[in-house]
Amino acid sequence: MPVSDYPAHELQPRNLTKYEIANPHEVVYDFFSMSHLPEHREQLTQVFDLLATGSYNSKLLNRKERSDLVYFFRRLEKMIEAVHIMNGEWEKVYEGEKDVNLNDGKDK
């Protein structure tokens, strides 16, 4: 789908604070500081397996494991938004006009 087909609000960061929007590299740094690449791969595998089968390695995850995956997903979403900003896509869409719906600066 061409970017022009999306409503403007869909192309704006939803989960980043003002600081994170101004410093998207910090979000990427934080993402890779919380775990190393092999751990991120494992978490992506867990998410995929859960979505595809409803369980991971034929076992249901406990509350802590599910919570960890939700946390990972939220951090991954923030990183994607940060990389979107770093890639310059935001500026291309808005041509300098950044009408952003920012959260209150608290981490989600």
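Check the entry above for the structure.
Procedures and definitions
- Residues numbered from 1 in each chain as written.
- Predicted model: local features only at pLDDT ≥ 70, side-chain atom pairs only at ≥ 80, totals over all residues.
- Heavy atoms only, no water.
- Helix = DSSP H or I, 4+ residues; strand = E, 2+ residues; numbered from the N terminus.
- Buried < 20%, exposed > 50% of the residue type's maximum accessible area, 1.4 Å probe, protein only.
- Contact = heavy atoms within 4.5 Å.
- Areas by Shrake-Rupley, 256 points an atom, 1.4 Å probe, with all protein chains shown as cover.
- Phe/Tyr/Trp six-rings, centres within 6.5 Å; stacked < 30°, edge-to-face > 60°.
- Arc of directions from axis to C-beta.
- Axes fitted to C-alpha atoms, helices over the stretch in contact; angles between N-to-C directions.
- Left-handed = near helix turned anticlockwise from the far one by under 90°.
- Nonpolar A, V, L, I, M, F, W, Y, C, P; charged D, E, K, R; others polar.
- Salt bridge = Lys/Arg side-chain N within 4 Å of Asp/Glu carboxyl O.
- 1 Å grid on protein atoms, 1.4 Å probe; cavity = no way out; pocket = protein on both sides within 12 Å on 5 of 7 lines; lining within 4 Å.
- Points joined across faces, edges and corners; volume = space filled by probe spheres on them.
- Parallel < 35°, antiparallel > 145°, perpendicular 65-115°, else oblique.

Enquirer: Hey, could you go over the overall build of the protein for me, with residue numbers and the actual values?
Expert: A tally of regular secondary structure across the protein gives five helices and zero strands. Listed N to C, the secondary structure of the protein is α-α-α-α-α in terms of helices and strands. Taking all 108 residues of the protein together, the buried fraction comes to 30%. Of the contacts formed within the protein by residues at least 6 apart in sequence, a portion of 72% connects residues at least 24 apart. Accessible surface for the protein amounts to roughly 7,700 Å². Of this, 55% is attributable to carbon and sulfur atoms.

Enquirer: Break down the packing of aromatic side chains for me, with residues and values.
Expert: Here a ring pair, both rings aromatic, is described through the centre-centre distance and the interplanar angle of the planes. Applying the stated criterion to the full structure yields two aromatic pairs. Ring geometry for F31 and F32: centres 5.1 Å apart, planes at 85°, overall edge-to-face. Under the relative-accessibility criterion, F31 is labelled buried at 4%. Here F31 and F72 contribute two aromatic rings whose centre-to-centre distance is 6.0 Å and whose plane-to-plane angle is 40°, an arrangement assigned as tilted. You can see F31 sitting in helix 2 (residues 24-34) and its partner F72 sitting in helix 4 (residues 63-86), a full 41 residues away along the chain.

Enquirer: Let's hear about helix 2: which residues, and what values?
Expert: If you check which residues of helix 2 are buried, you get P24, V27 and F31. Viewed along the axis of helix 2, the buried residues span an arc of 50°, placing them on a single side of the element. Next to the buried residues of helix 2 lie helix 1 (18-22), helix 3 (37-53) and helix 4.

Enquirer: Break down the packing of helix 2 against helix 4 for me, with residues and values.
Expert: Packing of helix 2 against helix 4 brings their axes to within 8 Å, and their N-to-C directions diverge by 145°. The chirality of how helix 2 crosses helix 4 is left-handed. On helix 4, the residues touching P24, H25, V27, V28, D30, F31, F32 and M34 of helix 2 are Y71, F72, R75, L76, K78, M79, A82, V83, I85 and M86. Of the residues in the contact of helix 2 with helix 4, the class split is 14 nonpolar, one polar and three charged.

Enquirer: Go over the pattern of salt bridges with me, naming the residues and quoting the values.
Expert: Per the counting criterion, the structure on display carries four salt bridges. Note that R74 and E77 form a salt bridge whose closest N and O atoms lie 3.6 Å from each other. Pair noted here: R74 and E77 are both in helix 4, with a separation of three residues, about one helical turn. Using a relative accessible area of 24% as the deciding quantity, one classes E77 as partly exposed.

Enquirer: Which residues make up the layout of surface pockets, and what are the values?
Expert: A water-sized probe, rolled over the atoms, reveals where empty space remains. A volume near 160 Å³ is recorded for the largest pocket. Lining the largest pocket are E10, L11, Q12, P13, R14, E77, I80, E81 and H84. Looking at side-chain class alone, the lining of the largest pocket contains three nonpolar, two polar and four charged residues.

Enquirer: Account for the packing of helix 3 against helix 4, with residues named and values stated.
Expert: To describe two helices that pack against each other, one gives the angle between their axes and the distance between the axes. As a packed pair, helix 3 and helix 4 sit with axes 10 Å apart at the nearest point and diverge in direction by 110°. Here helix 3 is positioned roughly perpendicular relative to helix 4, judged by the angle of their axes. Contacts between helix 3 and helix 4 involve H40, Q43, L44, Q46, V47 and L50 from the first element and D68, L69, F72 and L76 from the second. Taken together, the residues that form the contact of helix 3 with helix 4 break down as six nonpolar, three polar and one charged.

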